[in-house]
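Chains, contacts and geometry: an overview
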Amino acid sequence: MTDGVATVTLNRPQSRNAISGALLASLQSTMADLGDRDDVAVVVLTGADPAFCAGLDLKELSRDSKLLATGNRDLPPNSPWKPLAKPLIGAVNGVAITGGLELALNCDFLVASERAAFADTHARVGILPGWGLSVLLPQRVGFAMARRMSFTGDFVDAGRALEAGLVTQVVAHDQLMPTVATLAATIAGNHRPAVTAFHASYRRIEADTTERALEIELETSRSWSRSDQAGGIADRVPGVISRGRDQAAGRS
């Protein structure tokens, strides 16, 4: 940690930082700890190169669908971690796919490397979002763009993400962390109680407009997971992985 700024790095680079049960538990614990620390003013979330997060670990998911649960009953619904009472910046250094996109959307704002790309492949895998994507994504990019991303599963590159409002800035890959560090330091250098109060106000406004929408997402996700149509994830995994790799590499 440096001058009130804590950086959290998803560190499974061999799996493109895919979310395993162990990684999720560690992430939730880390976020809870940082949220409670008075010496932390800003948190930065990033991934170990070459990816931000490839989403849920599909190999683990195909063996155990319980990975779809947040793993912590103390968490509020639709949240991958206990919400922080301080700014959370997402430094998106590579692909952010499905569950990884949801992690990014749960940040207050995003800065992207030129290598970043975003995709919602829930419909390809045959699962539905439960961490707020169907509410948070249209808030960032509008309903039409959100529907296009969710229905097709196609990747959106960093430039298009900037145009759509998904990210606030795109920088050269080697400038991502220095740029985010400067932003975080600027926030940490402001009047911290005022930043905290402003952050809480934004959260209350969002909750006032999205509470019922999040309930609908949760109801839909739970209903889908209990239906007969939700099965067969293991059979779909190889095709989903192959198609994702092709698109991430710029092939159709």
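Above: the structure in question.
Let me sum up the structure you'll find in this document. (Residues numbered from 1 in each chain as written. Predicted model: local features only at pLDDT ≥ 70, side-chain atom pairs only at ≥ 80, totals over all residues. Heavy atoms only, no water.)

Thoughts on the pattern of salt bridges
Should the charged atoms of two oppositely charged side chains come close, the side chains can pair. Worth spelling out the cut-off: Salt bridges are counted wherever a side-chain nitrogen of Lys or Arg sits within 4 Å of a carboxyl oxygen of Asp or Glu. The secondary structure listing takes helices from DSSP runs of H or I that are at least 4 residues long and strands from runs of E that are at least 2 residues long, numbered from the N terminus.
Evaluated as defined, the whole model comprises eight salt bridges. A salt bridge links Lys82 to Asp36, with the nearest nitrogen and oxygen atoms 3.7 Å apart. Here Asp36 lies in helix α1 (residues 21-36) and Lys82 lies in the loop between α2 (58-63) and β3 (88-92), a separation of 46 residues in the sequence. Glu215 is the salt-bridge partner of Arg212, the closest N and O atoms lying 3.0 Å from each other. Here Arg212 pairs with Glu215, and both are found in helix α9 (residues 192-226), just three residues apart, close to one helical turn. Because the salt bridges share partners, they merge into one network encompassing Asp33, Arg37 and Asp39.

Focus on the nonpolar core
As a reminder of what qualifies: By convention a nonpolar core is built from buried Ala, Val, Leu, Ile, Met, Phe, Trp, Tyr and Cys residues, the set being connected through side-chain atoms within 4.5 Å. Whether a residue is buried, partly exposed or exposed follows from its accessible area with a 1.4 Å probe, protein chains only, as a fraction of its type maximum: under 20%, in between, or over 50%, in that order. Whether two residues are in contact is decided by their heavy atoms: any pair within 4.5 Å suffices.
The biggest cluster of nonpolar side chains holds 47 residues, and the ones touching the most others in it are Leu45, Leu103, Phe118 and Leu166. Here this core gets five residues from one element, more than from any other, and that element is α1. Excluding its chain neighbours within four sequence positions, the residues that come into contact with Phe118 are Val92, Ala96, Leu101, Leu110, Ala112, Met149, Asp154, Phe155, Val156, Ala161, Leu166 and Val167.

Some points on the sheet that holds strand β4 (residues 95-97)
The condition is simple: Pairing between two strands requires that DSSP report at least two bridges joining them.
If you trace the three strands from one edge of the open sheet to the other, you get β4-β6-β7, paired in mixed fashion. In the strand order of this sheet, the two ends are held by β4 and β7 (156-157), each with one partner. Where β4 and strand β6 (residues 117-119) come together, three bridges link them in parallel fashion. Bridging across to β6, Ile97 finds its partner in Ala119.

With respect to the pairing of strand β1 (residues 5-10)
Applied cut-off: Throughout, right-handed denotes a crossover for which the path from the first strand over the helix to the second runs clockwise when the strands point away from the viewer.
The pairing of β1 with strand β2 (residues 42-47) spans six bridges and is parallel. Within β2, the residue paired with Thr7 across the bridge is Val44. Once the chain exits β1 it traverses α1 before rejoining the sheet at β2, and the crossover so formed is right-handed.

A short note on the packing of helix α5 (residues 133-141) against helix α6 (residues 143-152)
The cut-off we apply is this: Convention adopted: a line fitted to C-alpha atoms gives each axis, helices being fitted over their contacting stretch, and angles between N-to-C directions are expressed from 0 to 180 degrees. Angle categories are assigned with fixed cut-offs, so that under 35 degrees is roughly parallel, over 145 is roughly antiparallel, 65 to 115 is roughly perpendicular, and the rest are oblique. It is the rotation of the near helix from the far one that decides the hand of a crossing: anticlockwise by less than a right angle makes it left-handed, clockwise makes it right-handed. Polar here means any residue outside two lists: the nonpolar Ala, Val, Leu, Ile, Met, Phe, Trp, Tyr, Cys and Pro, and the charged Asp, Glu, Lys and Arg; Gly therefore counts as polar.
The N-to-C vectors of α5 and α6 enclose an angle of 130°; their axes lie 7 Å apart at closest approach. Here α5 lies oblique to α6, going by the angle between them. Where α5 crosses over α6, the two elements pack in a sense that is right-handed. Every residue of α6 that contacts α5 at Leu133, Leu137, Pro138 and Val141 is listed here: Phe143, Met145, Ala146, Met149 and Ser150. Looking at the contact of α5 with α6, its residues break down into eight nonpolar, one polar and no charged.

Some details on the side chain of Glu217
Our working definition: For the purpose of charge, His is not counted, nor are the chain termini; Lys and Arg are scored as positive and Asp and Glu as negative. A 3.5 Å cut-off defines polar contacts: any pair of N or O atoms within that distance qualifies, except that in protein one atom must be a possible hydrogen donor and the other a possible acceptor, and neighbouring residues in sequence count only when both atoms are side-chain atoms.
Along the chain, Glu217 turns up in helix α9. Of the buried charged residues, Glu217 lacks a salt bridge, with Arg222 as the closest side chain of opposite charge at 9.9 Å. A polar atom in the side chain of Glu217 sits 2.5 Å from the side chain of Ser134. Setting aside anything within four residues of it in sequence, one finds Glu217 in contact with Asn78, Pro129, Gly130, Trp131, Gly132, Leu133, Ser134 and Val135.

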